[in-house]
Each structure stands twice: as structure tokens, then as C-alpha cells.
Amino acid sequence: MYDPSQLRTFLAVAQTLSFTQAARRLGLRQSTVSQHVRRLEDAAGRQLFSRDTHSVELTEDGEAMLGFARRILEVHEQAAAFFTGTRVRGRLRFGASEDFVLTRLPEILEGFRHDHPEVDLELTVELSGTLHEQLAAGKLDLVLAKRRTEDPTGELVWHDDLVWIGAERLRLDPARPVPLIVYPPPGITRALALEALERQGREWRIVCTSGSLNGLLAAAQAGLGVMAHSKGLIPPGLFRVPDRAGLPELGKVDFVLVHGPRRSPAQAAADALAAAILTSGARLRSGWPAAARRSPA
């Protein structure tokens, strides 16, 4: 009933919320992307996206289709691998930024290991800037990390706003420097936060530096200060700082998958994991797992 190529196109549009970016990711014409979505909507008998000249958003039926599309494609790929006799194997060095430590990425990796038991997966969790450096040095095969929006590197998983977050009870004194909770260099959100404050001419002071997301969350939940964070990944127990606080706009950030600069023996495994993440990208933004919601840090 549902064409796998149309489902892949649907997922690409759902993750990027852009027909243009989905076409670029899939190597298709934008008209082909529109045609795939229209045919899938005809097959489902429901509208999956509400769209105008300025925005693309999933409808309620589109949100429901996300789960079905992922499962259909997963089974489709498992069947294809079984009957063609192809098995992905080898050592795969995968790097993920700290942003994903407490999200649903572990569930995606667990599913990948179940589907590809002969892949020896090595996970490195680091700052996005560090992961990009390690990838360029040949120390990693695939990276899931942040990038600045003007940087063309990598395959877009999703595009998000950066916002200021802190404890609900936190109040900022406009007469005093902004208390900052930041990653150490070369953290991308750190750099964007400092640049935004410098442009505004706002004084700041660093009250906590940690390379661990848990460390930053503990400081923020204790009310020590504010931190720049992805709007789609705001942790439980922290809240967006209201506009009346007068903090500058932080702009946007991209989450991308980046392959190593040279093909390696792990290329097939890297391609398979990249496909699994792109297929399940919406799960990374669908809220924190229950265990993370129960954890104070």
C-alpha cells in the first residue's frame, strides 16, 4: 500500500520541514519530492503536511505516519538484507555530541546493533567541535553533531533554534553580568552564546564550565545561571528564559551526520547507521525518555 521510496521522502521532509532540503538530502528534484508526498497522501487518504510559502508542518495524521513509516522501512530493509544475503560487518567508530546523551539515541543504537550484530560499534561522546576535529584526523568514521548553519559540512538531520534555558525560579539582574553555564572550547553553543552577548554589548561571567551535559544540567537546575541549548532538546526541569530577561537572540543550529573524508572498511556500517538515524531522526526530537525525565541531572 505504501511505497518505500515515498516513505523515505516523507521522513526526509518531516525531519527537515523543508521540501528543498529534503530534495537536496535525497538527491531528487523538488518536484519529485512534492510528487512523492502527494502520492503518499493520496494512498493514506489524509493530509500529512500543512504547508504554505513560508513553512511546512506535520499534521496530526503526519505525526501518526512517522511511526508507521519508520517501522515499514525497518522491516523492508531487514527483509532485503535477509534475502540478498548481505550482512554489514566490521568496526565502526561513531561519535555523538553531548546533546544526545540523555535523548533517545541509545534506543536507536540498540536497534542498530540488533539489526547488525556483526558490527563492532565503538561510541565516542564529545563536544561537537571536538568530534569534527577527530573525524578530520581519521579517528572516527561517522559523527552526529552540531554545526553552524552557514557550514555546508554533513547531511542535515534537523534544523533547530538555540534558546536560553535555566531553572524556573531563576531571575536575572539586568545590572549585573549574565551568569553563563557553558561547555569548554571548542563547544559550538558556547561560541554562539558569547558572540550573541558581545554583539549586544552585554557583560557576562562564566559560573560553570563542564564537558559533560550532566554537569551543565546540575548547575542550571541549581539556579547558578543560564545556558544556550537546542529548543527541541530542552531537558526536563529546565525552562526557556522569557524574552523579558532581555537576552540576545542566539540564532539557529544544525544537527548533521558527517562521514569521514575518506572511504574506509567501515563505510557500509557507517552508511547503515546513518540511514537508521535519518529514518529515526524524529525520535531524537520527540522528548526525553522516561528515565531521563526522572533523573534530576
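Residues numbered from 1 in each chain as written. Predicted model: local features only at pLDDT ≥ 70, side-chain atom pairs only at ≥ 80, totals over all residues. Heavy atoms only, no water.

Novice: What should I look at first to understand the environment of V163 in this one?
Specialist: Within the secondary structure, V163 sits in strand β6 (residues 155-166). The sequence separation of V163 and I277 amounts to 114 residues, and the corresponding C-alpha distance is 24 Å. Those residues in contact with V163 that lie beyond four places of it in its chain are M227, A228, H229, K231, I234, R240 and L250. (Helix = DSSP H or I, 4+ residues; strand = E, 2+ residues; numbered from the N terminus. Contact = heavy atoms within 4.5 Å.)

Novice: What am I meant to see in helix α1 (residues 4-16) here?
Specialist: The periodicity of an α-helix, 3.6 residues per turn, causes residues three or four positions apart to be oriented the same way. The terminal C-alpha atoms of α1, which comprises 13 residues, lie 18 Å apart, in line with the 18 Å expected from a rise of 1.5 Å per residue. The buried count for α1 comes to 11 of 13 residues, which makes it a mostly enclosed element. When α1 is considered as a whole, its buried residues turn out to be P4, Q6, L7, T9, F10, L11, A12, V13, A14, Q15 and T16. Downstream of α1 by a residue or two, L17 has a phi angle that is positive, lying close to 50 degrees. (Expected span 1.5 Å × (residues − 1). Buried < 20%, exposed > 50% of the residue type's maximum accessible area, 1.4 Å probe, protein only.)

Novice: Honestly, the nonpolar core in this entry has me stumped. Any pointers?
Specialist: Note that soluble globular proteins tend to have their nonpolar side chains buried in a common cluster. Core analysis: the biggest nonpolar cluster contains 44 residues, and L92, F94, W164 and L273 have the highest contact counts within it. For this core, the element with the highest residue contribution is helix α9 (residues 267-279), accounting for 7 residues. Counting residues in hydrophobic clusters, the runner-up holds 20 residues, among them A12, V13, A14 and A69. (Core = buried A, V, L, I, M, F, W, Y, C linked by side-chain atoms within 4.5 Å.)

Novice: Quick question: what am I supposed to make of the side chain of R147 here?
Specialist: Position of R147 among the secondary structure elements: in strand β5 (residues 142-148). Within the local environment of R147, its side chain forms a polar contact with the backbone oxygen of D151, the two atoms lying 3.1 Å apart. At 3.5 Å, the side chain of R147 forms a polar contact with the backbone oxygen of G154. Beyond its immediate sequence surroundings of up to four residues, R147 is in contact with P152, T153, G154, L156, I188, V253, D254 and V256. (Polar contact = N/O pair within 3.5 Å; in protein donor to acceptor, adjacent residues only side chain to side chain.)

Novice: So what exactly am I meant to see when it comes to the packing of aromatic side chains here?
Specialist: For any pair of aromatic rings, the description consists of the separation of the ring centres together with the inter-plane angle of the planes. For the structure shown, the criterion picks out 5 aromatic pairs. For the pair F100 and F255, a centre-to-centre distance of 5.5 Å together with 70 degrees between the ring planes defines the contact as edge-to-face. Within this pair, whereas F100 is found in the loop between β3 (90-97) and α5 (105-115), its partner F255 is found in strand β11 (residues 252-259), the two being separated by 155 residues in sequence. For F255, a relative accessible area of 0% translates into the label buried. (Phe/Tyr/Trp six-rings, centres within 6.5 Å; stacked < 30°, edge-to-face > 60°.)

Novice: Would you mind going over the pattern of salt bridges with me for this structure?
Specialist: Opposite charge on two side chains permits them to pair, given that their charged atoms come into close proximity. If you walk through the whole model with that rule in mind, you get 9 salt bridges. With a closest N to O distance of 3.0 Å, R46 and D61 form a salt bridge. Here R46 is found in the loop between α3 (30-44) and β1 (49-51), whereas its partner D61 is found in helix α4 (residues 60-84), with 15 residues between them in sequence. Owing to a relative accessible area of 47%, R46 belongs among the partly exposed residues under this scheme. Residue D61 is classed as partly exposed on the basis of its relative accessible area of 28%. A salt bridge links D99 to K146, with the shortest nitrogen-to-oxygen separation between them at 2.7 Å. Highlighted residues: D99 in the loop between β3 and α5 and K146 in strand β5, separated in sequence by 47 residues. (Salt bridge = Lys/Arg side-chain N within 4 Å of Asp/Glu carboxyl O.)

Novice: Looking at this model, I keep getting lost on unusual backbone geometry. Mind explaining?
Specialist: Of note, the amide linkage connecting P185 to P186 takes the cis form, showing an omega dihedral of 5 degrees. Within the secondary structure, P186 sits in the loop between β7 (178-182) and α7 (188-200). If you check the backbone angles, L17 has positive phi at about 50 degrees while not being a glycine. Inspection of the secondary structure puts L17 in the loop between α1 and α2 (19-26).

Novice: Is there a simple way to explain the confidence of the model for the chain in this structure?
Specialist: As a general rule, the predicted coordinates of low-pLDDT regions are not to be interpreted in detail. Averaged over every residue, the pLDDT of the chain is 87; residues scoring 70 or more account for 92%. pLDDT under 50 marks residues 290-297. Its contacts with residues more than four places away, or in other chains, come to 11 contacts. (pLDDT = per-residue confidence, 0-100.)

Novice: What is the right way to read α5 from this model?
Specialist: Listed as buried for α5 are L105, I108, L109 and F112. Angular distribution of buried residues about the axis of α5 spans 95 degrees; they occupy a single face of the element. With respect to the buried face of α5, the exposed residues turned more than 90 degrees away are E110 and H114. (Arc of directions from axis to C-beta.)

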